[in-house]
Amino acid sequence: MDPSLLPPLAWFAHIARHRSFTRAAAEMGVSRPALSQQLKALERQLGVKLLYRTTRDMSLTEEGQRLFDAIRPSLGSIERAVRSLGEMRDEPAGLLRVNTGRVAARMVLEPHLAEFLGRYPLLRLEVVMDDGIANIIADGCDAGIRLGESLSEHMVAVPVTPMMRMAVAGSPDYLRRRGKPATPADLVQHDCVGYRQTSSGAIYGWEFSAPDVDGHDFAVEPRGSFISNDDEEMIRAALQGVGLVQHMERTLQPHLDDGTLVRVLKDWCKPFPGFYLYVPSREYMPSKVRALMDFLVEKRGRMSARPRRR
């Protein structure tokens, strides 16, 4: 490969990622005209048009998109390797971007933000909320937090919570009016608060395991009068007696403890792997990522494996 292509390819990747000359120039600390000249030189060298540009908009040509898709992983690997050379010797510093869902953020990160940032004063933490299954490399994040069952086997992952358990619960008023379901099959007679997944648009199925049959796991589609894509709103609806809700046991525990929610179908909800911090590779792991991993593993050791139950 012609080494003279590497600098303009890197400039092009920044432009394509931002879809903006202005934002790419600001990030790289160069002028917009200088960046434009770099791109024009690359197009002349390759003999293809990479971008469509107007005074307002910019988009990749088919050739430009193909080139960007091909070089992005390699340039990302080069960037991480070079950056880690300095970071592995120094105190954790710089911007640490973590992709996580809202439930994981509230359970794993938010209780310890002050302690973590106080321990590493040169770090800046950015939390990217995404309830889908994120490609942390493509999204420009350093790490992600997801349930263990959701992770690709190719990811490097460490558990940052104990085993988890789901819980189904309703308000005392709702259960007086509608009765308690004895098995998941009884849920067809109940109002179930549904969660619509932001990424896919599908209603999340309630997962159960038969109490006396190993390996018999199944899901039930919740049906009811209320659906939300916000889990806290779902809990508030259940507290008002709108219907039954299924959520992490640890999240519902305060309401179970004070009696504002009553648990049902407990024997049908078995433990499953909890949340994991995951990264693309252990190789060249930046010190800032290692610091977060070690910190969350430390906190996992202090978490009670089983919350207090009613």
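Residues numbered from 1 in each chain as written. Predicted model: local features only at pLDDT ≥ 70, side-chain atom pairs only at ≥ 80, totals over all residues. Heavy atoms only, no water.

Caption draft 1: Representation of the overall build of the chain in the model. From N to C terminus, the chain includes ten helices and 14 strands. Considering only C-alpha atoms, the chain reaches an extent of 75 × 45 × 35 Å along its principal axes. The buried share of the chain, taken over its 310 residues, is 41%. Summarising the internal contacts of the chain: among those between residues at least 6 apart in sequence, 73% fall at separations of at least 24. Carbon and sulfur atoms make up 52% of the accessible area of the chain, which totals about 16600 Å². Placing the 42 positive and 39 negative side-chain charges of the chain at their respective mean positions leaves the two points 3 Å apart. (Helix = DSSP H or I, 4+ residues; strand = E, 2+ residues; numbered from the N terminus. Buried < 20%, exposed > 50% of the residue type's maximum accessible area, 1.4 Å probe, protein only. Contact = heavy atoms within 4.5 Å. Areas by Shrake-Rupley, 256 points an atom, 1.4 Å probe, with all protein chains shown as cover. Lys, Arg positive; Asp, Glu negative; His and termini not counted. Charge placed at Lys NZ, Arg CZ, Asp CG, Glu CD.)

Caption draft 2: Examining helix α3 (residues 32–46) more closely. Compared with an ideal rise of 1.5 Å per residue, which puts 15 residues at 21 Å, α3 spans 21 Å between its outermost C-alpha atoms and is within 8% of the ideal. Listing the buried residues of α3 in full gives L35, S36, L39, L42 and E43. End-on, the buried residues of α3 take up no more than an arc of 120°, which puts them together on one face. In this structure, α3 carries P33 and R44 as exposed residues pointing more than 90 degrees from its buried face. Tucked inside the fold, the buried residues of α3 contact α1 (6–18), α2 (21–28) and β1 (51–53). (Expected span 1.5 Å × (residues − 1). Arc of directions from axis to C-beta.)

Caption draft 3: Summary view of the nonpolar core. Within the largest apolar cluster, 29 residues are counted, with the highest numbers of intra-cluster contacts made by I145, M248, F275, L277, L292 and L296. Of all the elements in the fold, those that place two or more residues in this core are β3 (94–100), α5 (102–109), β5 (143–147), β6 (156–159), β14 (275–279) and α10 (287–302). It is α10 that provides the largest number of residues to this core, a total of six residues. Not counting residues within four places of it along the chain, the set of residues in contact with L277 comprises A143, G144, I145, V156, A157, V158, V160, L292, M293 and L296. Listed in part, the 19 residues of the second largest apolar core include I15, A25, F68 and I71. (Core = buried A, V, L, I, M, F, W, Y, C linked by side-chain atoms within 4.5 Å.)

Caption draft 4: Region of interest: the sheet that holds β5. As summarised here, the arrangement of the five strands in space is β4-β3-β5-β14-β6, forming an open sheet in which the pairing is mixed. Every other strand in the sheet has two partners, leaving β4 (123–129) and β6 as the edge strands with one partner each. Sheet twist, expressed as the average angle between the axes of neighbouring strands with direction ignored, equals 25°. Where β5 lies against β14, four bridges are found, and the strand directions are antiparallel. Within the sheet, the bridge partner assigned to G144 lies in β14 and is Y278. Taken strand by strand, α5 contacts β3, β4, β5 and β14, and its axis lies near 125° from that of β3. (Pairing = 2+ DSSP bridges. Axes fitted to C-alpha atoms, helices over the stretch in contact; angles between N-to-C directions.)

Caption draft 5: Examining unusual backbone geometry more closely. For R19, which is not glycine, the phi dihedral falls at a positive 55°. Along the chain, R19 falls in the loop between α1 and α2. By relative accessible area, which is 36% here, R19 ends up partly exposed. At L265, a position not held by glycine, the phi torsion is positive, near 55°. By secondary structure assignment, the location of L265 is in the loop between β13 (262–264) and β14.

Caption draft 6: Spatial organisation of the sheet that holds strand β12 (residues 245–248). Strand order in the open sheet formed by three strands is β12-β7-β13, and the pairing between neighbours is antiparallel. Among the strands making up the open sheet, the edge pair consists of β12 and β13. Within this sheet the neighbouring strands show an average axis-to-axis angle of 50°, counted without direction.

Caption draft 7: Summary view of the confidence of the model for the chain. Averaged over all residues, the pLDDT of the chain is 86; the fraction at 70 or higher stands at 91%. Contacts of residues 305–310 to residues separated by more than four positions or lying in other chains number 19 contacts, the stretch itself having pLDDT below 50. (pLDDT = per-residue confidence, 0-100.)

Caption draft 8: Examining helix α9 (residues 249–258) more closely. Regarding α9, the residues found buried are E249, L252, Q253 and L256. The buried residues of α9 occupy an angular sector of 135° when the element is viewed end-on, so they sit on one face. Buried residues in α9 make contact with β7 (166–170), α8 (231–239), β12 and β13. Looking at the residues trailing α9, positive phi occurs at G259, about 85°.

Caption draft 9: Summary view of the state of the cysteines. Within the structure shown, the criterion is met by zero disulfides. C269 supplies the cysteine sulfur nearest to C192, a cysteine that is in no disulfide, at a spacing of 12 Å. On the basis of relative accessible area, C192 is assigned to the buried category, the value being 3%. (Disulfide = S-S within 2.5 Å.)

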